[in-house]
Amino acid sequence: MPKPVIFTIDDDASVLNTVARDLRARYGQNYRVLPIDSGKAALDYLTKLQERNEAVALFLVDQRMPEMNGVEFLEKAIRAYPQAKRVLLTAYADTQAAIDSINEVGLDYYLMKPWHPPEERLYPVLDELLEDWKVHVRLPYEGIRVAGTLWSLPSHQVKDFLTRHQIPYQWLDIEKDSNARHLVETISSGETKLPVVFFPEGKTLLQPDLKELAERVGLQTRAALPFYDIVIVGSGPAGLASAVYAGSEGYRCLVIEKAAPGGQAGSSPKIENYLGFPTGISGDDLTRRAVSQAKRFGVEILSAQEAKRVFIKDMYRIVQLADGAEVSCHALLIATGASFHMLKMPGAAELTGAGIYYGAAYTEAMYYKDQDVFVAGGANSAAQGAIYLSQFARKVRVLIRGPQPTASKYLVDALEQNPKIELMCNTDLVEVRGKNTLEQIVVRNTATKEMQVFDASAMFVFIGVRPQSQLVADLVKRSDKAYIYTGADLIVDKKPPPGWTLERDPFLLETSVPGIFAAGDVRFGTSHRVASAVGEGAIAFAFMKEYLKAL
Ligand SMILES: Cc1cc2nc3c(=O)[nH]c(=O)nc-3n(C[C@H](O)[C@H](O)[C@H](O)COP(=O)(O)OP(=O)(O)OC[C@H]3O[C@@H](n4cnc5c(N)ncnc54)[C@H](O)[C@@H]3O)c2cc1C
């Protein structure tokens, strides 16, 4: 933590040097004394300190300066540092200005020049002020800070990305924190771009894309090698399980992840049915353990890198990334899982990230304390989301299309026993309303056809999933719902799929292209469970090993 700053500002160089010398002699050990020769230069410097989130303890400012006098400076400076103590250095003729400024800028003291000897006329005053400052100050947060609004999708994405990577940060809502707003305005010239990410060493990023952010926080976004034995696309439970086995057996293995490791499971607040965790385990925790296990075995994991396309060249399977880079391998596992359907109704796209969230969006849940929120969906993920949200919200209404929830029994029991949760069965969401943020929703009871309008602060959507198999759309055989066929599902009339070139039939979990495998929620026949995805990831590795042996 850098030392808090004592500013001393005077346009007279000899006075400035003397004050600085006296201040350093007494306070230099615990404070950084900054002598500056004009109010304007000091304000510029203050902005830098704010960006670095450094504390200012005291302003000791000469009243009589040509461009900006001491009181004018303090008026501006205390907007940035309202807790800093304020002392004016005055000549006898400025006494009235000093007295007036006691109210104007909350002046703590005015010192007549000359202040010598400092032991009698300077230190006792400043000792007392600094002691008081120390007692009352809230020292600045030392890590990454993200300034934005609750209603901006890029702000939500940045927060979610940091949370999913378990990188701590402080959230500054510029609608509630005038200091944060001022700071953002000084950084963005003209148009305000949100969020602004402040790093402790003083660097900032304006509305960064996730790759830029990943690089800045030190995550790996580029493959170290051009070729790997095994490449895995997707770092949900299936991808990570496969990676752990591949790494543990010494294969050169790369995992490519477009967002953050953990996949859907990583967004679960509590997985209660995964073997070995009788009291449940959070998706965060499971992911952290799996990622460190894979890395311990030498697996490389790229974050914020989307695999766009896969193609074949001779015996190589080549993955093209969103930034144009290519990585080749012998065996490829598609473990890209599934994502939630987006609402298809007017206004829904505009309100995404501004009250409408897909998946649990746990980063946002706590901001809806004591408000009324909605959950759309009746399966396990929606049930978990509702239970989690009920810790913060005043009321959670769960919109379920069918006559009852389809979640597991233990979750339905928990929903029914929770006094804050109301299950609204046979209910269709028909409209979302709001100007800049979600304000209302309209629902229809499918049995009675009755329409109802509710005020809504937020809506968390969990309405069915679709497989993320686009990257191999023109390469492997998929179902009409875009799930990837593997193994026995490819055999029709005892014949392998058209174009299959090998003597043997496709292995279990192998796709219609030799050497390309699929596991987890993206695979036709998935059971949409963490344990199944983990199991399939492990089995897929066993068959990739067989495939590699035969090359
Ligand atoms: C909120 C929630 C709670 C759940 N709770 C439970 C539970 O309690 N118990 C249970 O058994 N199951 C639960 N599930 C289901 C379970 O999480 C999934 O079945 C499981 O995560 C599927 O794993 P997967 O590895 O196949 O895919 P996913 O977990 O979907 O992971 C796929 C990964 O691939 C990445 N990806 C996709 N496309 C690309 C691309 N082109 N390039 C790079 N990366 C890509 C995605 O970003 C993602 O990280 C829950 C799901 C949700 C959403």
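Rules behind the numbers
Residues numbered from 1 in each chain as written. Predicted model: local features only at pLDDT ≥ 70, side-chain atom pairs only at ≥ 80, totals over all residues. Heavy atoms only, no water. Near = heavy atom within 4 Å. Polar contact = N/O pair within 3.5 Å; in protein donor to acceptor, adjacent residues only side chain to side chain. Helix = DSSP H or I, 4+ residues; strand = E, 2+ residues; numbered from the N terminus. Core = buried A, V, L, I, M, F, W, Y, C linked by side-chain atoms within 4.5 Å. Buried < 20%, exposed > 50% of the residue type's maximum accessible area, 1.4 Å probe, protein only. Contact = heavy atoms within 4.5 Å. Patch = residues over 30% accessible without salt bridge, like charges linked within 9 Å, V, L, I, M, F, W, Y side chains within 5 Å. Areas by Shrake-Rupley, 256 points an atom, 1.4 Å probe, with all protein chains shown as cover. Salt bridge = Lys/Arg side-chain N within 4 Å of Asp/Glu carboxyl O. Axes fitted to C-alpha atoms, helices over the stretch in contact; angles between N-to-C directions. Parallel < 35°, antiparallel > 145°, perpendicular 65-115°, else oblique. Left-handed = near helix turned anticlockwise from the far one by under 90°. Phe/Tyr/Trp six-rings, centres within 6.5 Å; stacked < 30°, edge-to-face > 60°. Pairing = 2+ DSSP bridges. Right-handed = clockwise from strand over helix to strand, strands pointing away. Lys, Arg positive; Asp, Glu negative; His and termini not counted. Charge placed at Lys NZ, Arg CZ, Asp CG, Glu CD.

A. Structural detail: the site of the ligand. The immediate surroundings of the ligand are formed by 34 residues, with Glu257, Gln264, Gln384, Asp521 and Val530 found nearest. Residue Ala265 places a main-chain N or O atom 3.2 Å away from an oxygen atom belonging to the ligand. Taking Gln384, its side chain carries an N or O atom lying 2.7 Å from an oxygen atom of the ligand. Going through the elements one at a time, helix 10 (237–248), strand 16 (338–340), helix 13 (380–389) and helix 15 (530–549) are the ones with two or more residues in the shell around the ligand.

B. Molecular detail of the nonpolar core. Counting 27 residues, the largest nonpolar core has Ile230, Ile232, Ala243, Cys253, Val299, Ile301 and Leu333 as its most contacted members. Contributing elements (two or more residues each) for this core: strand 10 (227–233), helix 10, strand 11 (253–256), helix 11 (283–296), strand 15 (326–334) and helix 15. For this core, the element with the highest residue contribution is helix 15, accounting for 6 residues. Apart from residues lying up to four places away in sequence, Ile301 is in contact with Gln220, Leu240, Val255, Val291, Ala294 and Lys295.

C. Structural context of a nonpolar patch on the surface. Taken together, the side chains of Met315, Tyr316 and Leu551 define a hydrophobic patch exposed on the protein surface, amounting to about 270 Å² of accessible area. Its location among the elements puts Tyr316 in strand 14 (residues 316–321). Residue Tyr316 is classed as partly exposed on the basis of its relative accessible area, which comes to 32%.

D. Representation of the packing of helix 1 (residues 13–27) against helix 6 (residues 123–136) within the structure. In contact at an axis separation of 12 Å, helix 1 and helix 6 are set at 55° when each is read in the N-to-C sense. Here helix 1 is positioned oblique relative to helix 6, judged by the angle of their axes. In terms of crossing hand, the pair formed by helix 1 and helix 6 is right-handed. Touching Asp22, Leu23, Ala25, Arg26 and Tyr27 of helix 1 are Tyr123, Leu126, Asp127 and Leu130, all from helix 6.

E. How the structure looks around the packing of aromatic side chains. Summed over the entire model, instances satisfying the criterion amount to 19 aromatic pairs. Each ring, one from Phe374 and one from Phe454, has its centre 5.5 Å from the other, and the planes form 55°; the classification is tilted. Note that Phe374 is positioned in strand 18 (residues 372–376) and Phe454 in strand 23 (residues 451–455), a separation of 80 residues in sequence. Taken as a pair, Phe374 and Phe454 share a single burial class, namely buried. Taken together, the ring pairs connect Phe7, Tyr45, Phe59 and Phe73 into an aromatic cluster.

F. Focus on the pairing of strand 10. The buried fraction of strand 10 amounts to 7 of the 7 residues, a majority that puts the element mostly inside the structure. Note: strand 10 against strand 15, 6 bridges, orientation parallel. When the sheet's bridge partners are listed, Phe227 is paired in strand 15 with Ser328. Note: strand 10 against strand 11, 4 bridges, orientation parallel. Counterpart to Ile232 in the pairing with strand 11 is Val255.

G. Examining unusual backbone geometry more closely. At the junction of His116 and Pro117, the peptide bond is cis and its omega measures out at -5° in the coordinates. With respect to the element layout, Pro117 can be found in the loop between strand 5 (109–112) and helix 5 (118–121). In this chain, Leu194 is followed by Pro195 through a cis amide linkage whose omega measures -5°. Positive phi, close to 75°, is recorded for Ala482, a residue that is not glycine. Position of Ala482 relative to the elements: it lies in the loop between strand 25 (465–467) and strand 26 (516–518). Of note, the phi angle at Leu509 is positive, near 75°, even though the residue is not glycine. Its place among the elements puts Leu509 in the loop between strand 25 and strand 26.

H. Local environment of the pairing of strand 4 (residues 85–90). With 6 of 6 residues buried, strand 4 lies mostly within the body of the structure. Residues of strand 4 alternate between two faces, with Lys85, Val87 and Leu89 on one and Arg86, Leu88 and Thr90 on the opposite face, all of them buried. Summarising the sheet, strand 3 (residues 56–62) and strand 4 pair through 5 bridges and their orientation is parallel. Across the sheet, the residue bridging to Leu60 is Val87, located in strand 4. In terms of handedness, the path from strand 3 via helix 3 (residues 70–80) over to strand 4 forms a crossover that is right-handed. Two strands pair when backbone bridges link them, and strand 4 and strand 5 are joined in this way by 4 bridges, in the parallel orientation. When the sheet's bridge partners are listed, Thr90 is paired in strand 5 with Met112.

I. Representation of the pattern of salt bridges in the model. With the rule as written, the count across this model stands at 31 salt bridges. As a salt-bridge pair, Lys159 and Glu364 come within 3.1 Å of each other at their nearest N and O atoms. Of this pair, Lys159 sits in helix 7 (residues 153–164) while Glu364 sits in helix 12 (residues 362–365), and the two are 205 residues apart along the sequence. Comparing Lys159 with Glu364, the two get one shared label, buried. With a shortest N-O distance of 3.0 Å, Arg394 and Asp372 are connected by a salt bridge. With Arg394 in the loop between helix 13 and strand 19 (395–399) and Asp372 in strand 18, the pair connects residues that are 22 residues apart, well separated along the chain. Residue class for Asp372 comes out buried when judged on its relative accessible area of 18%.

J. View of a negative patch on the surface. Together, Glu72, Glu75, Asp100 and Glu104 make up a region of like negative charge exposed at the surface. Secondary-structure elements contributing two or more residues to the negative patch are helix 3 and helix 4 (95–104). Relative to the assigned elements, Glu72 resides in helix 3.

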